[in-house]
Amino acid sequence: MKTIDELLAAGVTGTRVFVRADLNVPLDGTRITDDGRIRAVLPTVKALADAGAKVVVASHLGRPKGAPDPAFSLAPAAARLGELLGTEVAFATDTVGDSALATVDGLADGGVAVVENLRFNAGETSKDDVERGAFADRLAELADVYVGDGFGAVHRKHASVFDLPARLPHYVGFLIATEVGVLKKLTDDVQRPYVVALGGAKVSDKLAVIDELLKKADRILIGGGMAYTFLKAKGYEIGSSLLQEDQVPVVVEYIERAEKTGVELVLPVDALVGAAFPDLKTKAPANPTAVAADAIPADRMGLDIGPESRKLYASKLTDAATVFWNGPMGVFEHPDYAEGTKAVAQALLDSPAFTVVGGGDSAAAVRLLGFDENAFGHISTGGGASLEYLEGKTLPGLAALED
Ligand SMILES: Nc1ncnc2c1ncn2[C@@H]1O[C@H](COP(=O)(O)OP(=O)(O)OP(=O)(O)O)[C@@H](O)[C@H]1O
Ligand SMILES: O=C(O)[C@H](O)COP(=O)(O)O
């Protein structure tokens, strides 16, 4: 792979450089609640702009349905990028249309522009190679060179991640280089005991990863939304908690395999349950109750691990040499359901293990709950991406950056 250093060394004055970033930041309306992913791509954008390139930054945000949707506009992220760079950042109100072309045309050497959400275009995420390729052709019109730096999206076979680099000279940005460097340590030479803590809401993506992790980790702690599919697999009532029904047989097999192979699979022994998903806007008190994991009432929803599980999970992290954590233990955005995530974060800080926290929401949780992000070994900007990397899968966005 060619690195951005090689590109900079060759000189980029006046060159239009397309930077595929992951600016998929958590938003409360138009307010960015955690700008970690924007800060993570600053070294790349800044180095290119300082070297006189015309920098075209592109990203997805959320999961809009292939058409413009103001709720998923990148405008707030573009504004924040400008603040962090301390320069004006131009914003194109479309991705490859008149606004994008004019904005890029108007860039001075050293100027930076952000184009609107890639996923406002059906071609970006299409499973059809021709449709994706056609969109990549249009993206290619915006630039002379491609720099891949959206680590959080490298596991997606999307036009801007996979097809565009094939159309332009391509380089690896600073963020992807750092991320891969750290994650390689967990695959090539992991110090044991190796404990993986999994939570979050993207249950179907993450359940698949456990298949591989069962071969690699010594212990796996399950929390967050995915825990309830495990509790269901054990035959428990889980009320209206998040459930991936079609995955129950798969999870039953995971539980059996873990027993056979001696991997310690740790499930919550209790849960904090509420009548409904809490209001994250008003943060109105949710009045949760703690119940045993096998006694979740049919009309209740599990939204965090309970107090006994907090103690249990902390104890399962103390002797670890390496910990990879992806996905909050509960709906940490609401104070009533943040304790499980806090307990795991605190246990990681208390343990001498090398700790990697992966995932946009997990990293945001650590910062929003007041922990010092520098106290962790590494905070990865990729959730699904880091998990699939650890699985040993070929990631489309990394394969595409190879020569
Ligand atoms: N029991 C639960 N029920 C529903 N949602 C939950 C539960 N526990 C955690 N969550 C939600 O999971 C979300 C984070 O999940 P996600 O899988 O996206 O995490 P991530 O891997 O850190 O992020 P990403 O994959 O976006 O990089 C949070 O918004 C949190 O509220
Ligand atoms: O949040 C993430 O994990 C990345 O930005 C990728 O987003 P996606 O899961 O919607 O593809």
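All values derive from a computational prediction rather than experimental measurement.

**Q** What's the story with helix 9 (residues 203–216) in this structure? I'm lost.
**A** Here helix 9 spans 20 Å end to end across 14 residues, near enough to the 20 Å set by a 1.5 Å rise per residue. Most pronounced at Ile 210, the bend in helix 9 amounts to some 35 degrees. Every buried residue belonging to helix 9 is among Val 203, Lys 206, Leu 207, Val 209, Ile 210, Glu 212, Leu 213 and Leu 214, and all of these are buried. Structurally, helix 9 contributes buried residues whose contacts are with strand 9 (194–198), strand 10 (219–222), helix 10 (227–233), helix 11 (248–261), strand 15 (322–326) and helix 15 (384–391).

**Q** Would you mind showing me how to read the sheet that holds strand 12 (residues 270–274) here?
**A** Each strand in a sheet pairs with another by means of backbone hydrogen bonds, the pair being arranged parallel or else antiparallel. Pairing within the open sheet is antiparallel, and its 3 strands lie in the order 13-12-14. In this open sheet, the two edge strands, each paired with only one partner strand, are strand 13 (289–292) and strand 14 (301–305). Neighbouring strand axes in the sheet, compared pairwise and without regard to direction, differ in orientation by 45 degrees on average. The sheet strands contacting helix 12 (residues 307–315) are strand 12, strand 13 and strand 14, and the helix crosses strand 12 at an angle near 140 degrees.

**Q** Looking at this structure, how should I read the UniProt feature "binding site: ATP" (unreviewed entry) in the protein chain?
**A** On the UniProt side, "binding site: ATP" (unreviewed entry) is annotated at positions that read Lys 206, Gly 302, Glu 333, Gly 359, Gly 360, Asp 361 and Ser 362 here. Within the secondary structure, Gly 359 is located in the loop between strand 16 (354–358) and helix 14 (360–368). Given a relative accessible area of 4%, Gly 359 falls into the buried group. Position of Gly 360 among the secondary structure elements: in helix 14. Setting aside residues no more than four positions away along its own chain, Gly 360 makes contact with Arg 37, Thr 381 and Gly 383.

**Q** What am I meant to see in the pattern of salt bridges here?
**A** Opposite charge on two side chains allows them to pair when their charged atoms are near. Across all of its chains, the model carries 30 salt bridges by this definition. With a closest N to O distance of 3.6 Å, Arg 39 and Glu 373 form a salt bridge. Here Arg 39 is found in helix 2 (residues 36–50), whereas its partner Glu 373 is found in the loop between helix 14 and strand 17 (378–380), with 334 residues between them in sequence. Classification of Glu 373 as partly exposed rests on a relative accessible area of 25%. Between Arg 132 and Asp 163 there is a salt bridge whose closest N-O contact spans 2.8 Å. With Arg 132 in helix 6 (residues 129–140) and Asp 163 in helix 7 (residues 159–163), the pair connects residues that are 31 residues apart, well separated along the chain.

**Q** Quick question: what am I supposed to make of the site of ligand 2 here?
**A** Taken together, Asp 22, Asn 24, Arg 37, His 60, Arg 63, Arg 119, Gly 152, Arg 156 and Lys 202 make up the full set of residues adjacent to ligand 2. Contact between ligand 2 and Asp 22: an oxygen atom at 2.9 Å from a side-chain N or O atom of the residue. One of the side-chain nitrogen or oxygen atoms of Arg 119 is found 2.8 Å away from an oxygen atom of ligand 2. Contact with the protein chains removes 93% of the 310 Å² of surface that ligand 2 exposes when unbound. Looking at the shell around ligand 2 residue by residue, the class counts come to no nonpolar, 3 polar and 6 charged.

**Q** So what exactly am I meant to see when it comes to the site of ligand 1 here?
**A** Taken together, 23 residues surround ligand 1, and among them Ala 201, Lys 206, Glu 333, Gly 360 and Ser 362 come closest. Arg 37 is positioned with one of its side-chain polar atoms (N or O) 3.1 Å from an oxygen atom of ligand 1. At 3.4 Å from a nitrogen atom of ligand 1 is found a main-chain nitrogen or oxygen belonging to Gly 225. Against a free-state accessible area of 650 Å², the protein chains account for coverage of 91% of ligand 1. Put simply, the parts of the chain that give the shell around ligand 1 at least two residues each are strand 14 and helix 14. The biggest single contributor to the shell around ligand 1 is helix 14, with 3 residues.

**Q** Please clarify how the sheet that holds strand 16 should be interpreted in this entry.
**A** Taken in spatial order, the 6 strands line up as 11-10-9-15-16-17 in an open sheet, and their pairing is parallel. Strands with a single pairing partner mark the edges of an open sheet, and in this sheet they are strand 11 (264–266) and strand 17. Averaged over all pairs of adjacent strands, the angle between strand axes in this sheet comes to 15 degrees, irrespective of strand direction. Note: strand 9 against strand 15, 5 bridges, orientation parallel.

What counts and how
Residues numbered from 1 in each chain as written. Chains lettered and ligands numbered in written order. Predicted model: local features only at pLDDT ≥ 70, side-chain atom pairs only at ≥ 80, totals over all residues. Heavy atoms only, no water. Helix = DSSP H or I, 4+ residues; strand = E, 2+ residues; numbered from the N terminus. Expected span 1.5 Å × (residues − 1). Bend = angle between axes of the 7 residues up to and from the residue. Buried < 20%, exposed > 50% of the residue type's maximum accessible area, 1.4 Å probe, protein only. Contact = heavy atoms within 4.5 Å. Pairing = 2+ DSSP bridges. Axes fitted to C-alpha atoms, helices over the stretch in contact; angles between N-to-C directions. UniProt positions renumbered as here; feature names shortened; annotations may be inferred. Salt bridge = Lys/Arg side-chain N within 4 Å of Asp/Glu carboxyl O. Near = heavy atom within 4 Å. Polar contact = N/O pair within 3.5 Å; in protein donor to acceptor, adjacent residues only side chain to side chain. Areas by Shrake-Rupley, 256 points an atom, 1.4 Å probe, with all protein chains shown as cover. Nonpolar A, V, L, I, M, F, W, Y, C, P; charged D, E, K, R; others polar.

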